[in-house]
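# Structural features, examined
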Amino acid sequence: MNPVFRVRRIALLGPAVLLAVAVAFLAQRPLHRRAGWEPWFGTINGVVFWAVAALPLSAVLVWALARRRRGAGAWRRSFAEVAMVHGTVPWVWMIMLPGPGAGVAPRRVSLLPLRDLCAILAEGPPVTATVQIVGNLLVFAALGAFAPVRFRALASVPRMLALGAACSVLVETAQYVLWLDRVSSVDDVLLNATGAGLAALASRRRWCR
């Protein structure tokens, strides 16, 4: 490896590790205020903590897969596989967390496109609207970014839009069937699919050819 590239990687790795440690520390602080395991696995802070804490395990898994495969492109394929899983599971975990009225509140479905989105933009605080929109865009962003890098059949923005939409429909259906006190909305499907498509477009130069 070129020494210049190695120095650059080390220079970027240091701040990344420090940032991960800081995020994990901040995420776990509120979890100690309540007893039991529910805060660690049933809250957003808990999900963030475990997602960051699992980064070393994901790094080891990339190394193990690449060592087993060897050959050209082994590291790229291994990294893409682990990254799309590690970058997707925490978001799906978050949106599958039950609300306060899970199993009691009426199930809610919104099938009119853009109605919920317009309501959020018009009535909700700007911060809340931004968090919800950006969060929905990121749910399948890792899948959109790395699936085309790993699988030649998915190296297409329209295909990643379709895959993102299909995965989102499954999640929204699961929210309804499991009675999680969440709104199963077509706008979430649109935003999830858009996020997957935009991420795929951003990673286009590294697609599997």
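Throughout what follows, the structure given in this document is the object of discussion. (Residues numbered from 1 in each chain as written. Predicted model: local features only at pLDDT ≥ 70, side-chain atom pairs only at ≥ 80, totals over all residues. Heavy atoms only, no water.)

### Regarding the overall build of the protein
Using the following cut-off: Counting from the N terminus, the helices are the DSSP runs of H or I reaching at least four residues and the strands are the DSSP runs of E reaching at least two. Accessibility here uses a 1.4 Å probe with only protein chains present; expressed as a share of the type maximum, an area under 20% marks a residue as buried, one over 50% as exposed, and anything in between as partly exposed. Residue contacts are counted whenever heavy atoms from the two residues lie within 4.5 Å of one another. When charges are counted, Lys and Arg contribute as positive and Asp and Glu as negative, whereas His and the chain ends are disregarded. Charged groups are reduced to one reference atom each: NZ for lysine, CZ for arginine, CG for aspartic acid, CD for glutamic acid.
Across its full length, the protein carries 11 helices and 2 strands. In the protein, the succession of α and β elements from N to C terminus is α-α-α-α-α-α-β-α-α-α-α-β-α. Within the protein, buried positions represent 36% of all 209 residues. Long-range contacts, defined as pairs at least 24 residues apart, comprise 69% of the intrachain contacts of the protein with a sequence gap of at least 6. Considering the protein, the positive charge centre built from 23 side chains and the negative charge centre built from 8 side chains are found 22 Å apart.

### Considering the packing of aromatic side chains
Rule in force here: Here a Phe, Tyr or Trp ring, Trp counted by its six-membered ring, pairs with any other such ring whose centre lies within 6.5 Å, and the pair is stacked when the planes are under 30 degrees apart, edge-to-face when over 60, and tilted otherwise. Our definition puts a charge over a ring when NZ of Lys or CZ of Arg is within 6 Å of the ring centre and also within 35 degrees of the ring normal.
If you walk through the whole model with that rule in mind, you get 7 aromatic pairs. Ring centres 6.4 Å apart and planes at 20° place the aromatic pair F41 and W93 in the stacked group. In this pair, F41 is assigned in helix α2 (residues 38-41) and W93 in helix α6 (residues 89-95), connecting sequence segments 52 residues apart. By relative accessible area, which is 38% here, F41 ends up partly exposed. Judged by centre distance (5.7 Å) and plane angle (80°), the ring pair of F79 and F146 falls under edge-to-face. Remark: F146 occurs in helix α9 (residues 141-150) and F79 occurs in helix α5 (residues 74-86); sequence separation between them is 67 residues. The structure contains a cluster of three or more aromatic residues connected by ring pairs, namely W37, W40, F41, F49, W50 and W93. A cation over a ring is seen here: R107 above W179, with NZ or CZ 4.2 Å from the ring centre.

### Concerning the layout of surface pockets
A water-sized probe rolled over the atoms picks out the places where empty space is left. Here is the rule we go by: Computed over the protein atoms alone on a 1 Å grid, cavities are sets of points where a 1.4 Å probe fits but cannot get out and pockets are open sets with protein on both sides within 12 Å along at least five of seven lines; a residue lines them when it has an atom within 4 Å of a point. Grid points are joined across faces, edges and corners, and a volume is the space filled by probe spheres set on the points.
There is about 720 Å³ of room inside the second largest pocket. Lining the second largest pocket are 25 residues, with I95, Q132, N136, R182 and D188 positioned closest to its centre. When residues of the lining of the second largest pocket are assigned to their parent elements, the largest contribution, 7 residues, is made by helix α8 (residues 126-138).

### A look at the packing of helix α10 (residues 157-177) against helix α11 (residues 186-202)
Just so we agree on the cut-off: Fitting a line to C-alpha atoms yields each axis, with helices limited to the stretch in contact; the angle taken between N-to-C directions then spans 0 to 180 degrees. Handedness of a helix crossing follows the sense of rotation of the near helix relative to the far helix, less than a right angle counterclockwise being left-handed and clockwise being right-handed. Under the convention adopted here, Pro, Cys and the residues Ala, Val, Leu, Ile, Met, Phe, Trp and Tyr are nonpolar, Asp, Glu, Lys and Arg are charged, and Gly plus all remaining residues are polar.
Where α10 meets α11, the axes come as close as 8 Å, and the angle between the chain directions of the two elements is 145°. Crossing of α10 against α11: the hand is right-handed. Where α10 approaches α11, its residues V157, M160, L161, G164, A165, S168, V169 and E172 are matched on the opposing element by D188, V189, N192, A193, T194, A196, G197, A200 and L201. Taken together, the residues of the contact of α10 with α11 break down into 10 nonpolar, 5 polar and 2 charged.

### Things to note about the pattern of salt bridges
Put simply, the rule reads: The rule for a salt bridge is simple: a side-chain nitrogen of Lys or Arg has to be within 4 Å of a carboxyl oxygen of Asp or Glu.
Under the defined criterion, the tally for this structure stands at 3 salt bridges. Put simply, R150 and E81 hold a salt bridge, and the shortest N to O gap is 2.4 Å. With R150 in helix α9 and E81 in helix α5, this pair connects stretches of sequence that are 69 residues apart. Each member of the pair, R150 as well as E81, carries the same accessibility label: buried.

### Structural notes on the nonpolar core
Proteins that are soluble and globular tend to have nonpolar side chains buried together. What counts here: Only buried residues count toward a nonpolar core. Its members are Ala, Val, Leu, Ile, Met, Phe, Trp, Tyr and Cys residues joined through side-chain atoms within 4.5 Å.
Core analysis: the largest hydrophobic core is formed by 15 residues, its most contacted members being F140, L143, A147, M160 and W207. Of all the secondary structure elements, the ones that give two or more residues to this core are α5, α9, α10 and α11. Once residues lying within four places of it in the same chain are set aside, the contact partners of A147 are M84, A142, L154 and M160. Counting residues in each nonpolar core, the second largest holds 6 residues, with A27, L31, W40 and F49 among its members.

### Remarks on α11
The cut-off we apply is this: Under the convention used throughout, the expected extent of a helix is 1.5 Å for every residue step, that is, one less than its residue count. In protein, a polar contact requires one atom able to donate a hydrogen and another able to accept it; more generally it is a pair of N or O atoms within 3.5 Å, and residues adjacent in sequence count only if both atoms are side-chain atoms.
Between its first and last C-alpha, α11 extends 24 Å over 17 residues, near the 24 Å set by a 1.5 Å rise per residue. Turning to α11, its buried residues number three or more, namely D187, D188, V189, L191, N192, A193, G195, A196, G197, A199 and A200. Along its buried surface, α11 packs onto α7 (115-123), α8, α9, α10 and β2 (183-185). One side-chain oxygen of the residue at the start of α11 lies 3.1 Å from the amide nitrogen of D187, identifying that residue as S185.

### A few points about empty space enclosed by the protein
With the rule as written, the count across this model stands at 1 cavity of 30 Å³ or more. Of the voids in this model, the largest cavity is the one considered here, and its volume is about 30 Å³. Together, P106, R107, R108, Q175, Y176, W179, L180, D181 and R182 line the largest cavity. For the lining of the largest cavity, a count of residues per class yields 4 nonpolar, 1 polar and 4 charged.

### Some words on the environment of A122
Within the secondary structure, A122 sits in helix α7. Put simply, A122 and R108 are 14 residues apart on the chain and 21 Å apart in space, counted from C-alpha to C-alpha.

Spatial relationships are all this shows, so hold off on functional conclusions.
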